[in-house]
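Structural characterization, general
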Amino acid sequence: MRIDVITIFPEFFQVLDVSLLGKARQAALVQTHVHQLREWAATKADGTPDPHRTVDDAPFGGGAGMVMKPDVWGKALDDVLQDGGVLVIPSPAGVRFTQALAAELSSAPQLVFACGRYEGIDARVAEHYAQQGVRVLEVSLGDYVLNGGEVAAFAMIEAVTRLIPGFMGNAESIVEESHSDGLLEYPSYTRPASWRGLDVPDVLLSGHHGKVAQWRAEQQLSRTRERRPDLLPPDAGGGLDA
Ligand code: JDQ
């Protein structure tokens, strides 16, 4: 997979080199290319030079803040998007990013993350590339507001790349974990068996694999009921004392 990131803050992505992604890149499973959007802002839409390399302008219709210019984004994306490439635009108004979407994106030949700032990118950019037959996804990490697309893109890159076959080296640890079975993970413990007066549950020391599996399944269900009831089917029972 090839990952391109277009941003006015390319330095932000230097940390990609030291994160988990470093391993995937070493194995040549992922190539990342981070681009400075302003490199496509050297000339204005009318062809005259723009020494300021302006990427934003006031919103039509009025209102606070600035909007990123479609002409600059168009030049950048025309250069960077390849055949089969998926255009991912982080946005607080996007569809939710989920493990299922991460899994889907992990088989794309190219992901292009268009990281906006200010009030976001002129809406015609997404519309134009969708019209050209590009798969365009406006994606939200969650229901909270960030200052730009960079943090969201970074989280998505990490979630996607670790699903690329051959990446983690242990396929089981991916299959077993949170969200692949729709429940939260069970709690994990390691040595020492007693720490600051807190003991590891006896069943985990018992060596009884069947009982361990049953306890973990119960923990997953009770945690999910308590912390993320939205993940359970409507009224999964539970009884009077649940
Ligand atoms: C951008 C902004 C509109 C704040 C500019 C580009 N999950 C998620 N939260 N916030 C974002 C994603 C996000 C993504 C891209 C962004 C925020 N902003 C700032 C834009 C309204 C409020």
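Residues numbered from 1 in each chain as written. Predicted model: local features only at pLDDT ≥ 70, side-chain atom pairs only at ≥ 80, totals over all residues. Heavy atoms only, no water.

Some words on the overall build of the chain
Looking only at helices and strands, one finds seven helices and nine strands in the chain. Counted over contacts in the chain with a minimum sequence separation of 6, partners at least 24 positions apart contribute 74%. For the chain, the computed accessible surface area is about 14300 Å², with 53% contributed by carbon and sulfur atoms. (Helix = DSSP H or I, 4+ residues; strand = E, 2+ residues; numbered from the N terminus. Contact = heavy atoms within 4.5 Å. Areas by Shrake-Rupley, 256 points an atom, 1.4 Å probe, with all protein chains shown as cover.)

Quick word on the environment of Ser19
Within the secondary structure, Ser19 is located in the loop between β1 (2–7) and α1 (21–26). By relative accessible area, Ser19 is classed as buried at 17%. Residues Ser19 and Glu158, 139 residues apart in the sequence, show an inter-C-alpha distance of 8.5 Å. (Buried < 20%, exposed > 50% of the residue type's maximum accessible area, 1.4 Å probe, protein only.)

Brief notes about the environment of Leu77
Looking at where Leu77 falls in the secondary structure, it is placed in helix α2 (residues 70–80). Among all residues touching Leu77, those that are not within four sequence positions of it are Ile6, Leu87, Val112, Val125 and Tyr129.

Focus: the pattern of salt bridges
Counting across every chain of the model gives seven salt bridges. In this structure, Arg96 engages Asp143 in a salt bridge whose closest nitrogen and oxygen atoms are separated by 3.9 Å. With Arg96 in strand β5 (residues 85–96) and Asp143 in the loop between β7 (135–140) and α5 (150–161), this residue pair connects regions lying 47 residues apart in the sequence. We classify Arg96 as partly exposed; its relative accessible area is 46%. (Salt bridge = Lys/Arg side-chain N within 4 Å of Asp/Glu carboxyl O.)

What about the site of the ligand?
Taken together, 17 residues sit near the ligand, with Pro90, Leu141, Gly142, Tyr144 and Leu146 positioned nearest. Here a nitrogen atom of the ligand and a side-chain polar atom of Ser140 are 3.2 Å apart. Contact distances for the ligand include 3.1 Å between a nitrogen atom and a backbone N or O atom of Gly142. In isolation the ligand has 480 Å² of accessible area, and contact with the protein removes 85% of it. (Near = heavy atom within 4 Å. Polar contact = N/O pair within 3.5 Å; in protein donor to acceptor, adjacent residues only side chain to side chain.)

Here we look at the sheet that holds β1
Note on sheets: strands pair through backbone hydrogen bonds, and any given pair is parallel or antiparallel. Taken in spatial order, the five strands of this open sheet run β2-β1-β6-β5-β7, and their pairing is parallel. With one partner strand each, in any of the chains shown, β2 (31–36) and β7 form the two edges of the open sheet. The sheet shows a mean angle of 25 degrees between the axes of neighbouring strands, taken without regard to direction. Examined bridge by bridge, β5 and strand β6 (residues 110–114) share four bridges and lie parallel to one another. Within β6, the residue paired with Val86 across the bridge is Leu111. Set on the sheet, α2 makes contact with β1, β2, β5 and β6; between it and β1 the angle comes to about 165 degrees. Most of the contacts of helix α4 (residues 124–131) go to β7, to which it runs at about 145 degrees, and overall it touches β5 and β7. (Pairing = 2+ DSSP bridges. Axes fitted to C-alpha atoms, helices over the stretch in contact; angles between N-to-C directions.)

Some thoughts on the pairing of β1
Here is the key point about a regular strand: its side chains alternate between the two faces of the sheet. Burial within β1 is extensive, with five of its six residues counted as buried. With six bridges joining them, β1 and β2 adopt parallel strand pairing. Residue pairing in the sheet places Ile3 in a bridge with Thr32 of β2. The pairing of β1 with β6 spans five bridges and is parallel. Counted as the bridge partner of Val5 is Phe113 from β6.

Description of the packing of aromatic side chains
Taken as a whole and assessed by the stated rule, the structure comprises two aromatic pairs. Summarising the aromatic geometry, the rings of Phe13 and Phe154 are spaced 6.3 Å apart at their centres and angled 35 degrees between planes, so their arrangement reads as tilted. One end of the pair, Phe13, is in the loop between β1 and α1; the other, Phe154, is in helix α5, with 141 residues separating them in the sequence. A residue is classified by how much of its surface remains accessible, and Phe13, at 3% relative accessible area, is buried. (Phe/Tyr/Trp six-rings, centres within 6.5 Å; stacked < 30°, edge-to-face > 60°.)

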